[in-house]
Amino acid sequence: MIRRSRDHADRGVALPVVMVLGLVMAMLVGTSLTAVSSGLTVSDRAQDTTGALDAAFAGVQEYAARLNTDSTFQSYGNSQSTFTTASGSTVTTPATTNPALGVGSTGTWATVPGSSGTATYRYEVDNSKYATTGVVNLRSTGRVGAVTRSVVAQLRQSGFTNYLYFTDYEAPDPIITGNQACAVHIWDPTHVASCQITQFGSNDVLRGPVHSNDVLTICGTTFGDAVTSSNPNTPISSTPDDCGSTATYAVGGGVTFAPTLAMPPSNSTMQPFAASTGCLYTGPTQVTYNGNGTMTVRSPWTKQTEPTGSSGTTPAKCGTLADLRSNSGATVPVLSSSLLFVQDVPIQSTDPNYTSTANWPANFTCLDSSGNTAASSSASSGGWKSFGVQYPRSNEAPPSGWGTGSSWNTTSPAYGCRSGDLFVSGVVQVAASGQGATTAAASNYVYVTDDLTYKSRTNDLLGLVGNSAVLVWNPTSASVVNGKTVYQTILTDRDREIDAALLSVQHTFQVQNRDRGSERGTLAVFGSIAQKFRGGVAQVVTVNGVSSTTGYYTKDYQYDSRLVGAVPPYFLAPASASFSLSRIAQVPAAFTTTGATP
């Protein structure tokens with residue numbers, strides 16, 4: 001076989017092909033390396049993004065821990081923060097440097113523990129709603145690598161409005177029983193077994209969470225939510241020996257333990273807010289909500305509704321003095337996001353609302369212990385009357401604890417003519433349109449004299465706070481039958497509804513004369529009830545061998561679920577309250593990794 005020799009013209013083809021193939025391979029390798037590198041970059045950035053978000057959450061947790069250690073920590077912040085200033089917040093710099101309060105490119109960052117400095121955070125405080133609602137908003141920014149992420153969290157102070165029904169002591173109010181020895185928790189070894197205990201009965205329906213710092217006594221009650229007690233002993237609750245029915249629990253299957261909530265000593269901290277941002281009224285004051293965004297106020301003793309030192313003003317929002325002292329009263333807008341407070345007539349002559357005990361306002365009369373005759377002075381009285389309105393009623397008998405026989409107590413009167421008592425009723429519409437919240441408080445008693453309802457259970461919210469008792473007004477008269485005193489109910493209507501977050505700081509929420517007169521039907525409450533002592537609403541009494549029920553025999557209590565995230569303005573919190581996270585959401589990053597604003 002003759003082998004053909006290769007043509008010289010083919011010799012240069014192999015080199016270009018090899019070069020092209022090499023270039024393609026290099027491109028493929030390069031592309032592959034680029035893809036791997038890009039994948040690593042994406043993966044790293046994703047990890048940094050997650051890490052930055054975690055660092056922001058860590059900032060929220062750290063702030064909440066500080067707040068739960070010291071509730072005044074909400075007052076600290078950085079006045080250079082736009083988040084803080086835009087909300088109208090007022091902050092101060094803490095005595096001890098906190099690196100998390102840094103802002104701007106020269107500001108500091110706090111290090112997430114355990115991150116070796118790779119994860120940091122800073123936060124900004126909005127405390128503008130703290131005084132009115134107990135809420136602090138926090139913007140926290142986390143930083144990891146080249147990524148920053150921000151979240152806004154809402155921290156809410158836990159309080160009495162977390163519960164449909166709260167009591168400190170299950171014993172009745174000593175002011176009514178006259179037995180101070182019973183002002184002891186039932187679980188306390190010093191508790192006296194003979195002390196009266198109020199129980200939840202088989203007709204009671206509580207549609208919301210319940211808590212007592214004491215031992216709950218339960219017989220056949222229906223509970224629609226969790227029931228907790230601070231009783232450290234076992235069993236945690238009590239059932240009467242003669243109870244023939246079983247309680248129903250929608251949550252938890254029974255009573256469980258929860259820490260104590262301590263009552264504040266008084267509601268006096270609310271008064272300065274009313275004097276500066278709301279309305280401060282003096283002496284017995286009647287407030288009727290009109291269901292149209294207004295309320296009508298009658299307050300004869302009032303001289304200044306926004307007092308400052310020895311002087312003050314009476315702004316139109318609170319009503320003119322002429323109207324407040326008139327029969328028709330002052331009709332003014334309901335105080336949205338604010339409060340009214342009713343104080344005792346001051347005894348200091350330098351106070352702008354002072355009136356001498358030798359005098360009382362025009363068209364107003366202080367009554368003596370008879371409850372009908374004018375007193376010699378306002379220093380000691382059993383009641384008052386003005387423009388045909390009279391407390392007590394002309395034929396009203398003194399309730400237990402407020403008098404003996406037909407003689408009214410003038411030392412600690414039920415209706416003292418100089419007392420800071422609030423008489424309230426009506427249909428609450430806070431704003432003419434949309435949502436609104438308001439609070440009404442008194443330095444002494446709050447009397448709910450008729451139905452007190454919301455125009456809208458979606459839009460309207462009311463807080464009602466008495467330093468003394470919050471009472472469902474239920475006057476009775478007395479007569480003697482077969483040598484025994486028999487009491488008759490004066491009011492002719494039945495059933496009562498109250499829509500509000502109710503708080504009695506030093507005493508109780510209960511039906512006045514719950515042990516007298518006729519059975520009054522159902523007491524319905526939509527909102528929450530908090531009290532120092534357990535208040536009764538009805539009682540089975542025996543007169544001349546015949547047993548009957550007095551007061552509002554049936555409870556229908558429903559929790560206002562809005563109170564989980566909303567609190568009436570300036571509503572009191574427990575003396576030792578904790579803060580919990582109620583809301584959190586991611587927002588655009590507030591800072592770049594250099595600390596500058598994007």
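Please read all numbers here as calculations on a predicted model, not as lab measurements.

K.L.:
Can you walk me through the overall build of the protein chain in this structure?
P.N.:
Of regular secondary structure, the protein chain possesses 6 helices and 38 strands. Here the C-alpha atoms of the protein chain give a radius of gyration of 34 Å, more than 25% beyond the 25 Å that 2.2 N^0.38 yields for 598 residues. Evaluated residue by residue, the protein chain yields a buried proportion of 50% over its 598 residues. Residue pairs at least 24 apart in sequence account for 69% of intrachain contacts in the protein chain once pairs closer than 6 positions are excluded. A total accessible area of about 26100 Å² is found for the protein chain, and carbon and sulfur atoms account for 53% of it. Between the averaged position of the 33 positive side-chain charges in the protein chain and that of its 36 negative side-chain charges there is a distance of 9 Å.

K.L.:
Before we go on, may I ask you to explain the sheet that holds strand β2 (residues 119–126) in this structure?
P.N.:
Strands pair in a sheet through their backbones, by hydrogen bonds, and they do so in one of two ways: parallel or antiparallel. Pairing is antiparallel across the open sheet formed by 5 strands, whose spatial order is β1-β2-β3-β4-β38. Among the strands making up the open sheet, the edge pair consists of β1 (110–111) and β38 (579–587).

K.L.:
What am I meant to see in the sheet that holds strand β22 (residues 383–386) here?
P.N.:
Taken in spatial order, the 3 strands make up an open sheet running β21-β22-β23, and their pairing is antiparallel. Looking along the sheet, the strands with just one partner apiece sit at the ends: β21 (365–367) and β23 (389–391). If you compare each strand with its neighbour and ignore which way they point, the axes differ by 15° on average. The sheet contact formed by β22 and β23 spans 3 bridges and is antiparallel. Residue Lys-385 lies in a different strand from β23, and its bridge partner there is Gln-390.

K.L.:
Help me understand the nonpolar core in this model?
P.N.:
Generally speaking, a soluble globular protein has its nonpolar side chains buried in company with each other. Counting residues in each nonpolar core, the largest one holds 78 residues, and the members touching the most others are Tyr-289, Leu-340, Leu-464, Phe-509, Leu-523 and Tyr-557. The element contributing the most residues to this core is strand β33 (residues 496–511), with 8 residues. Apart from the residues within four sequence positions on either side, Phe-509 is in contact with Val-470, Val-472, Ile-498, Leu-502, Ser-504, Leu-523, Val-525, Ile-529, Gln-531, Gly-535 and Tyr-557. The next biggest cluster of nonpolar side chains, apart from the first, holds 26 residues, and it includes Ala-64, Ala-110, Tyr-121 and Tyr-123.

K.L.:
Even after reading the chapter, I still don't get the state of the cysteines, so can you show me in this structure?
P.N.:
A disulfide bridge is the covalent bond that connects two cysteines by way of their sulfur atoms. Considering all chains together, one arrives at 4 disulfides under this definition. Disulfide partner of Cys-219: Cys-243, at an S-S distance of 2.1 Å. Measuring the twist about the S-S bond at about 95°, one finds the Cys-219-Cys-243 disulfide to be right-handed. Taken together, the residues Cys-219 in the loop between β8 (216–217) and β9 (222–223) and Cys-243 in the loop between β11 (237–238) and β12 (248–249) connect sequence positions 24 residues apart. Each member of the pair, Cys-219 as well as Cys-243, is classed as buried. For Cys-366, the disulfide goes to Cys-417, at an S-S distance of 2.2 Å. The S-S bond linking Cys-366 to Cys-417 shows a torsion near 85°; that makes this disulfide right-handed. Of the two residues, Cys-366 is situated in strand β21 and Cys-417 in the loop between β25 (407–408) and β26 (422–428); the sequence distance between them amounts to 51 residues. Judged by relative accessible area, Cys-366 falls into the buried class, the value being 0%.

K.L.:
Where do I start with the packing of aromatic side chains in this structure?
P.N.:
Each pair of aromatic rings is reported with the distance of its centres and the angle of its planes. Per the stated rule, a full pass over the model turns up 27 aromatic pairs. Ring geometry for Trp-384 versus Phe-423: centroids 5.7 Å apart, planes at 75°, classification edge-to-face. Taken together, the positions of Trp-384 in strand β22 and Phe-423 in strand β26 put the pair 39 residues apart, joining distant regions of the chain. Residue Trp-384 shares its accessibility class with Phe-423, and that shared class is buried. Between Trp-408 and Tyr-415 the ring centres are 5.6 Å apart and the planes differ by 45°, which places this aromatic pair in the tilted class. Taking the relative accessible area as the measure of exposure, Tyr-415 reaches 0% and is therefore buried. Through a chain of ring-to-ring contacts, the aromatic side chains of Trp-301, Phe-364, Trp-384, Tyr-391, Trp-402, Trp-408, Tyr-415, Phe-423, Tyr-445, Tyr-447 and Trp-473 assemble into a single cluster. If you follow Arg-143 out to its NZ or CZ, it ends over the ring of Trp-109, 4.1 Å from the centre. Its end group placed over the ring of Phe-200, Arg-534 keeps NZ or CZ at 3.9 Å from the ring centre.

K.L.:
Would you mind going over unusual backbone geometry with me for this structure?
P.N.:
Note on backbone geometry: most residues besides glycine have negative phi, and most peptide bonds are trans. That bond from Thr-234 to Pro-235 is cis: its omega, 0°, falls within 30 degrees of zero. By the element assignment, Pro-235 lies in the loop between β10 (227–229) and β11. With an omega of 5°, the peptide bond running from Tyr-391 to Pro-392 counts as cis. Of note, Pro-392 is situated in the loop between β23 and β24 (403–404).

K.L.:
Would you mind showing me how to read the confidence of the model for the protein chain here?
P.N.:
Interpretation of the predicted coordinates at a detailed level should be avoided for regions scoring low in pLDDT. Averaged over all residues, the pLDDT of the protein chain equals 89, while 91% of them reach at least 70. Counting interchain partners and residues more than four positions distant, the pLDDT-below-50 stretch residues 1–40 has 0 contacts.

K.L.:
I would appreciate a short explanation of the pairing of strand β31 (residues 476–481) in the present structure.
P.N.:
Two faces, one strand: in a regular strand the side chains alternate between the faces of the sheet. Where β31 lies against strand β32 (residues 484–489), 6 bridges are found, and the strand directions are antiparallel. Bridging from a neighbouring strand, Val-480 pairs with Thr-485 of β32.

K.L.:
I tried to follow the environment of Thr-167 on my own but got confused; where do I start?
P.N.:
Within the secondary structure, Thr-167 is located in strand β5 (residues 165–169). Between the C-alpha atoms of Thr-167 and Val-215, which are 48 residues apart in sequence, the distance is 9.9 Å. Not counting residues within four places of it along the chain, the set of residues in contact with Thr-167 comprises His-211, Ser-212, Asn-213, Gln-531 and Arg-534. Polar side-chain contacts of Thr-167 include one of 2.3 Å to the side chain of Glu-170.

K.L.:
How should I be thinking about the side chain of Thr-282 in this particular structure?
P.N.:
On the secondary structure map, Thr-282 appears in strand β14 (residues 279–282). Thr-282 sits in the buried class, given a relative accessible area of 0%. Of note is the side chain of Thr-282, whose polar atom sits 2.9 Å from the side chain of Gln-343. Once residues within four sequence positions are removed from consideration, Thr-282 is found in contact with Ser-299, Trp-301, Thr-302, Gln-343, Asp-344, Val-345, Pro-346 and Asn-353.

Rules used in this analysis
Residues numbered from 1 in each chain as written. Predicted model: local features only at pLDDT ≥ 70, side-chain atom pairs only at ≥ 80, totals over all residues. Heavy atoms only, no water. Helix = DSSP H or I, 4+ residues; strand = E, 2+ residues; numbered from the N terminus. Rg over C-alpha atoms; globule rule 2.2 N^0.38 Å. Buried < 20%, exposed > 50% of the residue type's maximum accessible area, 1.4 Å probe, protein only. Contact = heavy atoms within 4.5 Å. Areas by Shrake-Rupley, 256 points an atom, 1.4 Å probe, with all protein chains shown as cover. Lys, Arg positive; Asp, Glu negative; His and termini not counted. Charge placed at Lys NZ, Arg CZ, Asp CG, Glu CD. Pairing = 2+ DSSP bridges. Axes fitted to C-alpha atoms, helices over the stretch in contact; angles between N-to-C directions. Core = buried A, V, L, I, M, F, W, Y, C linked by side-chain atoms within 4.5 Å. Disulfide = S-S within 2.5 Å. Phe/Tyr/Trp six-rings, centres within 6.5 Å; stacked < 30°, edge-to-face > 60°. Lys NZ or Arg CZ within 6 Å of the ring centre and 35° of its normal. pLDDT = per-residue confidence, 0-100. Polar contact = N/O pair within 3.5 Å; in protein donor to acceptor, adjacent residues only side chain to side chain.

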